[in-house]
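As a plain string of letters, each chain reads:
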Amino acid sequence: MKQTIEQQIKAAFDELTRAERQLASHIMRNYPVAVLGSITTLAKAAEVSTPTVVRLTQKLGFKGYPDFQITVRAEVEERLISPLMKHDRWAGGVPQTHMLNRFADAVVANLQATLAQIDQTEFDAIAALMADPDRRIFAMGGRITHALADYFVTHMKVIRRDVSLISDRANAWLPAIIDMAPGDVLLALDIRRYENNVLQLIEAAAAQGAEVVLITDQWVSPAAAHARHRLSAHVEAPSAWDSTVAIQLLLETLLAATENLTWDETQARMRRLEELYARSRFFRRGK
């Protein structure tokens, strides 16, 4: 699977000079906007020289800055591609295998690519935030990913207290963060095509002092500029829609990690919940 620009920069980071690292960090913080302008604009914003920009692009395997920009623009187009266009791309020249096999191959490749790029230190820091009893947890998603946020909250409510799902109705989003205090955690999901309402809510939450954890795709939502922590999942699939299996993996692993950190409290909560289920005969008994 072809690496994104961000993945290429991360892979080469340790081999870069101090100035090149400064430039690379600036690009990753402001990608892709930072590299859509002229080479002089980028150099000035990153406080490096234009030769430093040229050297970095060459170390990444490009002939120069123009060649680098062509690849960046292609990634931007990938971000914005519509479902109909995406289906047409896959439909032309599909392999002669069953859809089940083709889709499964794509999903497995997504899982492998996602796990290969995850920073374990970053993941552990997110789990520690989720497990901190002094922080309230809020979760939200966009048109497609809201269901994943709902799934996450359903399980996290069992693991710990003070967990809330922010409504998928955009007009309810801003009122939902009125009481969000500094140190509270907002878990936000945003994959292509990135939604303005999601970005606005994340901006507002960050302004309130919330710790924003963003789960996005390999092209990275613009909302990443306002996130304290970020996890990226690969989502490409032979379909008009992207696959969210890798995102589900990250969410379920995050739930398991949080549960492990809070097990004493979680175990007690689970016991109380099971007692309530039993009293109400919530579940049907097997014959």
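A quick note: this is a predicted structure, and the numbers were derived from the prediction, not measured. (Residues numbered from 1 in each chain as written. Predicted model: local features only at pLDDT ≥ 70, side-chain atom pairs only at ≥ 80, totals over all residues. Heavy atoms only, no water.)

Colleague: Explain the environment of Q22 to me, please; I cannot follow it from the model alone.
Modeller: In this structure, Q22 sits in helix α2 (residues 18–29). Accessibility expressed as a relative area gives 28% for Q22, which makes it partly exposed. Spatially, the C-alpha atoms of Q22 and V48 are 7.8 Å apart, while their sequence positions differ by 26 residues. (Helix = DSSP H or I, 4+ residues; strand = E, 2+ residues; numbered from the N terminus. Buried < 20%, exposed > 50% of the residue type's maximum accessible area, 1.4 Å probe, protein only.)

Colleague: Just checking my understanding: could you explain the pattern of salt bridges for this structure?
Modeller: Tallied over the entire structure, the rule returns nine salt bridges. Note that E20 is salt-bridged to K59, the shortest N-O span being 2.6 Å. Separated by 39 residues along the polypeptide, E20 in helix α2 and K59 in helix α4 (residues 50–59) bring together distant segments of the chain. The exposure class of E20 is buried, given its relative accessible area of 1%. (Salt bridge = Lys/Arg side-chain N within 4 Å of Asp/Glu carboxyl O.)

Colleague: For this particular structure, what's the right way to read the packing of α2 against helix α3 (residues 39–46)?
Modeller: Pairs of packed helices are described in terms of their axes, by the angle between the two and the distance that separates them. Packing of α2 against α3 brings their axes to within 9 Å, and their N-to-C directions diverge by 105 degrees. Between α2 and α3, the interaxial angle falls into the category roughly perpendicular. Where α2 approaches α3, its residues Q22, L23, H26 and I27 are matched on the opposing element by L42, A45 and A46. (Axes fitted to C-alpha atoms, helices over the stretch in contact; angles between N-to-C directions. Parallel < 35°, antiparallel > 145°, perpendicular 65-115°, else oblique. Contact = heavy atoms within 4.5 Å.)

Colleague: Whenever I open this one, the packing of aromatic side chains confuses me. Can you help?
Modeller: Aromatic rings in a pair are described by how distant their centres are and how their planes are angled relative to each other. Tallied over the entire structure, the rule returns five aromatic pairs. A ring pair is formed by Y277 and F282, whose centres lie 5.0 Å apart and whose planes are at 35 degrees; its orientation type is tilted. Given the relative accessible area of 25%, Y277 is considered partly exposed. Members of the aromatic cluster, connected to one another through ring pairs, are F62, Y65 and F68. (Phe/Tyr/Trp six-rings, centres within 6.5 Å; stacked < 30°, edge-to-face > 60°.)

Colleague: I keep staring at α4 and nothing clicks. Help me out?
Modeller: The α-helix advances 3.6 residues per turn, and as a result positions three or four apart in sequence lie on the same side. Among all positions of α4, only T52, V53, L56 and T57 are buried. Angular distribution of buried residues about the axis of α4 spans 130 degrees; they occupy a single face of the element. Positive backbone phi, at 100 degrees, marks G61, one or two positions downstream of α4. (Arc of directions from axis to C-beta.)

Colleague: Please explain unusual backbone geometry as it appears in this structure.
Modeller: Most peptide bonds adopt trans geometry, and most residues besides glycine take a negative phi value. R193 follows R192 through a cis peptide bond whose omega is -5 degrees. Looking at where R193 falls in the secondary structure, it is placed in the loop between β3 (185–190) and α11 (196–207). One non-glycine residue with positive phi stands out, namely D162, at about 60 degrees. For D162, the position within the fold is in the loop between α9 (146–159) and β2 (163–165). Look at R281: it is not a glycine, yet its phi comes out positive at around 50 degrees.

Colleague: Before we go on, may I ask you to explain the pairing of strand β1 (residues 137–140) in this structure?
Modeller: On any regular strand, side chains alternate: one points to one face of the sheet, the next to the other face. Here β1 shows two buried faces, one formed by I137 and A139 and the other by F138 and M140. With three bridges connecting them, β1 and β2 associate as parallel partners. Bridged to I137 within β2 is V163. The β-α-β motif built from β1, the intervening α9 and the parallel element β2 has right-handed crossover chirality. (Pairing = 2+ DSSP bridges. Right-handed = clockwise from strand over helix to strand, strands pointing away.)

Colleague: What am I meant to see in the sheet that holds β2 here?
Modeller: Either a parallel or an antiparallel arrangement is found when strands of a sheet pair, and the pairing is made through backbone hydrogen bonds. The strand order across the open sheet built from five strands is β2-β1-β3-β4-β5, with neighbouring strands paired in parallel fashion. Each edge of the sheet is formed by a strand with only one pairing partner; in this case those strands are β2 and β5 (229–233). Sheet twist, expressed as the mean angle between neighbouring strand axes with direction ignored, is 15 degrees. When β3 meets strand β4 (residues 211–217), the two strands line up parallel, connected through six bridges. Across the sheet, residue V185 finds its bridge partner in β4, namely E211.

Just distances and angles here, no functional claims.
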